[in-house]
Amino acid sequence: MAAVRERFEWSSNMAALPPNAMGWSVADVKQWAVEQVGIDAEDADKLVRQKIDGEKLMHLTEAKLERWGIPGGPAGKLMRAIEGLGGGGGSSSVTGGVVLSEGPFVEY
């Protein structure tokens, strides 16, 4: 519980990002990547060089991040965070940030 409280307090000190990640600017994506996800500014600058805004962020894959020179650890961390926002090109449960299925899954 303390870890959740600490993260909330830390997050509340950041400059407010627009609530919908699809509307984030390139600068918003960099701020989120550094301050909330916790990747190095050097790796976040690679997102800036690729002009990754909120909409493009939702369609990234780990392979693209690694191809741009973001190492596996930070790339994986970014992908988990992107999936938490409802995106990620490598996820089968989302397309363009729209959830296709929710709830309990039944195996046949």
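The sections below set out a description of the structure shown in this document. (Residues numbered from 1 in each chain as written. Predicted model: local features only at pLDDT ≥ 70, side-chain atom pairs only at ≥ 80, totals over all residues. Heavy atoms only, no water.)

1. Quick word on the side chain of Lys46
Note the threshold: Strands here mean DSSP runs of E at least two residues long; helices mean DSSP runs of H or I at least four residues long; both are numbered from the N terminus. Polar contact criterion, stated in full: a pair of N or O atoms within 3.5 Å, where within protein one must be able to donate a hydrogen and the other to accept it, and residues adjacent in sequence count only if both atoms are side-chain atoms. In what follows, residue pairs with any heavy atoms lying within 4.5 Å of each other are defined as contacts.
The residue Lys46 is located in helix α3 (residues 41-49) in this model. Side-chain polar atoms of Lys46 contact the backbone oxygen of Gly69, separated by 2.8 Å. The contact partners of Lys46, leaving out residues within four places of it in the chain, are Trp68, Gly69 and Ile70.

2. Some points on α3
Operational definition: Three labels apply to residues, based on accessible area from a 1.4 Å probe with only protein chains included: buried if under 20% of the type maximum, exposed if over 50%, partly exposed otherwise in between. This arc corresponds to the set of directions leading from the helix axis out to the C-beta atoms.
Residues of α3 that are buried: Asp43, Ala44, Lys46 and Leu47. Buried residues of α3, seen end-on, are gathered within an arc of 145° and therefore sit on one face of the element. Every exposed residue of α3 that faces more than 90 degrees away from the buried side is listed here: Glu42 and Arg49. Where α3 is buried, its residues meet α2 (26-37), α5 (62-67) and α6 (72-85).

3. Quick look at the packing of α2 against α6
Under the convention used in this document: Only the stretch in contact is used when a helix axis is fitted, and all axes are lines through C-alpha atoms; the angle between N-to-C directions ranges over 0 to 180 degrees. An angle below 35 degrees is read as roughly parallel, one above 145 as roughly antiparallel, one from 65 to 115 as roughly perpendicular, and any other as oblique. For this classification, Asp, Glu, Lys and Arg are treated as charged, while Ala, Val, Leu, Ile, Met, Phe, Trp, Tyr, Cys and Pro are nonpolar and the rest, including Gly, are polar.
Between α2 and α6, whose axes approach to 11 Å, the crossing angle comes to 105°. By the angle between their axes, α2 is roughly perpendicular relative to α6. Across the interface between the two elements, Trp32, Ala33 and Val37 of α2 pack against Lys77, Leu78, Ala81, Ile82 and Leu85 of α6. Partitioning the contact of α2 with α6 into residue classes produces 7 nonpolar, no polar and 1 charged.

4. Side note on the packing of aromatic side chains
As a reminder of what qualifies: Any two of the Phe, Tyr and Trp rings considered here, Trp counted by its six-membered ring, make a pair once their centres fall within 6.5 Å; the pair's planes then place it as stacked at under 30 degrees, edge-to-face at over 60, or tilted in between.
With the rule as written, the count across this model stands at 1 aromatic pair. On the numbers, 5.6 Å between centres and 50° between planes, the contact of Trp24 with Trp32 is tilted. Like Trp32, Trp24 is buried.

5. Examining the pattern of salt bridges
Stated precisely, the cut-off is as follows: Any Lys or Arg side-chain nitrogen found within 4 Å of a carboxyl oxygen on Asp or Glu counts as a salt bridge.
Under the counting rule described, the total for this entry stands at 3 salt bridges. Of the charged contacts, one joins Lys46 and Asp43 as a salt bridge, the two residues approaching to 3.4 Å between their closest N and O atoms. A residue pair is termed a helical-turn pair when its members lie 3 or 4 positions apart in one helix, as Lys46 and Asp43 do in helix α3 at 3 residues. Residue Lys46 shares its accessibility class with Asp43, and that shared class is buried. With a shortest N-O distance of 3.5 Å, Lys56 and Asp53 are connected by a salt bridge. With relative accessibility at 42%, the residue Lys56 sits in the partly exposed group.

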